[in-house]
Amino acid sequence: NLIYVLNGPNLNLLGTREPEIYGTTTLDDIAGMLEDRARELGFEIEMRQTNHEGMLVDWLHEAQAEGARAVLLNAAAYTHTSIALLDAIKAIRTPVIEVHLSDPKTREPFRHLSYVGMAAAMTVEGHGADSYRIALEAVASGQV
Ligand code: DQA
């Protein structure tokens, strides 16, 4: 009952990065919160962050190879640019949930297009750190 939680560029700076948009919760805080909730729900979390696009592609392949139940993916800015991520999500059978802290659809127009969303099983956005928890609970409840 493994769930990969993959985080893209600049999310290592959560906590100090544009706190008026992303809040003051760090990625480590989110990891701790998710691990606790996952344990309650009978799941295990594999939490990662990278600033490199191809690393996210490799990790999506790995999630399938490891038999993960699902992937929670906050691809950050690559969400809006990466056909490679779109193709990777389509290339694996593991369901991917698109996650965002903010709601990109209410922000600059260049954030309105989501390549990740074109292939994701579900999108959870605009709930801050809670977006991750809501996505995890969607997997646990069998919604995804
Ligand atoms: C983000 C939204 C993206 O538009 C942005 O590039 C990020 C973070 C979010 O979680 O709100 O880096 O994915």
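See the structure shown above.
So, here's what we can say about the structure. The shown structure was predicted, so the numbers you read here are calculated from the model rather than taken from an experiment. (Residues numbered from 1 in each chain as written. Predicted model: local features only at pLDDT ≥ 70, side-chain atom pairs only at ≥ 80, totals over all residues.)

## Overview of the overall build of the protein chain
- A count of helical and extended segments in the protein chain gives six helices and five strands.
- Starting at the N terminus and ending at the C terminus, the protein chain contains elements arranged as β-α-α-β-α-β-α-β-α-β-α.
- Over its C-alpha trace the protein chain gives a radius of gyration of 14 Å, about what one expects of a compact globule, namely 15 Å for 144 residues.
- Structurally, the protein chain occupies a C-alpha span of about 35 × 30 × 25 Å along its principal axes.
- Here the protein chain holds 144 residues, and 35% of them are scored as buried. (Helix = DSSP H or I, 4+ residues; strand = E, 2+ residues; numbered from the N terminus. Rg over C-alpha atoms; globule rule 2.2 N^0.38 Å. Buried ≥ 20, exposed ≤ 12 C-beta atoms within 10 Å, placed from the backbone.)

## Points about the site of the ligand
- Taken together, Asn 10, Asn 74, Ala 76, Ala 77, Thr 79, His 100, Leu 101, Ser 102, Pro 104 and Arg 111 form the complete shell of residues around the ligand.
- Tallied by class, residues from the shell around the ligand come to four nonpolar, five polar and one charged. (Near = placed C-beta within 6 Å. Nonpolar A, V, L, I, M, F, W, Y, C, P; charged D, E, K, R; others polar.)

## A look at the packing of helix α3 (residues 53-65) against helix α4 (residues 83-91)
- Direction vectors running N to C along α3 and α4 enclose 0 degrees, while the axes themselves pass 10 Å from each other. Classed by the angle they form, the pair α3 and α4 counts as roughly parallel. Here Glu 53, Leu 56, Val 57, Leu 60 and His 61 of α3 lie close against α4, whose contacting residues are Ala 84, Leu 85, Ala 88 and Ile 89.
- Its residues assigned to classes, the contact of α3 with α4 comprises seven nonpolar, one polar and one charged. (Axes fitted to C-alpha atoms, helices over the stretch in contact; angles between N-to-C directions. Parallel < 35°, antiparallel > 145°, perpendicular 65-115°, else oblique. Contact = placed C-beta atoms within 7 Å.)

## Side note on the environment of Asn 7
- Looking at the element boundaries, Asn 7 is found in strand β1 (residues 2-7).
- A residue is classified by how many C-beta atoms lie within 10 Å of it, and Asn 7, with 25 of them, is buried.
- With 65 residues separating them along the chain, Asn 7 and Leu 72 place their C-alpha atoms 8.5 Å apart.
- When sequence neighbours within four positions are dropped, the list of residues in contact with Asn 7 reads Leu 27, Arg 48, Gln 49 and Asn 74.

## As for helix α2 (residues 27-41)
- Compared with the 21 Å implied by 1.5 Å per residue over 15 residues, the 21 Å span of α2 between its first and last C-alpha is a close match.
- Residues Leu 27, Ile 30, Leu 34 and Ala 38 constitute the buried set of α2. For α2, the buried positions fall inside an angular range of 65 degrees around the axis, keeping them on one side. For α2, the exposed residues lying more than 90 degrees away from the buried face are Asp 36, Arg 39 and Glu 40.
- Lining the buried residues of α2 we find β1, β2 (44-49) and α6 (130-140). (Expected span 1.5 Å × (residues − 1). Arc of directions from axis to C-beta.)

## Points about α6
- Along α6, the residues that are buried comprise Ser 131, Tyr 132, Arg 133, Ala 135, Leu 136 and Val 139.
- Buried residues along α6 sit against β1, α2, β3 (70-74), β4 (96-100) and β5 (122-125).
- Among the residues trailing α6, Gly 142 stands out with phi positive, at a value near 80 degrees.

## Examining unusual backbone geometry
- A positive phi is found at Asn 10, a non-glycine position, where the angle reads about 75 degrees.
- As for its placement among the helices and strands, Asn 10 is situated in the loop between β1 and α1 (19-22).
- For Asn 10, a count of 14 C-beta atoms within 10 Å puts it in the partly exposed group.

## Things to note about the nonpolar core
- Grouped together as the largest cluster of nonpolar side chains are 36 residues, with contacts concentrated most on Ile 3, Val 71, Leu 72, Leu 73 and Ile 97.
- Residue assignment for this core shows that the elements contributing at least two residues are β1, α2, α3, β3, α4, β4, α5 (115-119) and α6.
- Leu 73 has contacts with Leu 6, Val 96, Ile 97, Glu 98, Val 99 and Val 116, leaving out every residue within four places of it along the chain. (Core = buried A, V, L, I, M, F, W, Y, C linked by C-beta atoms within 7 Å.)

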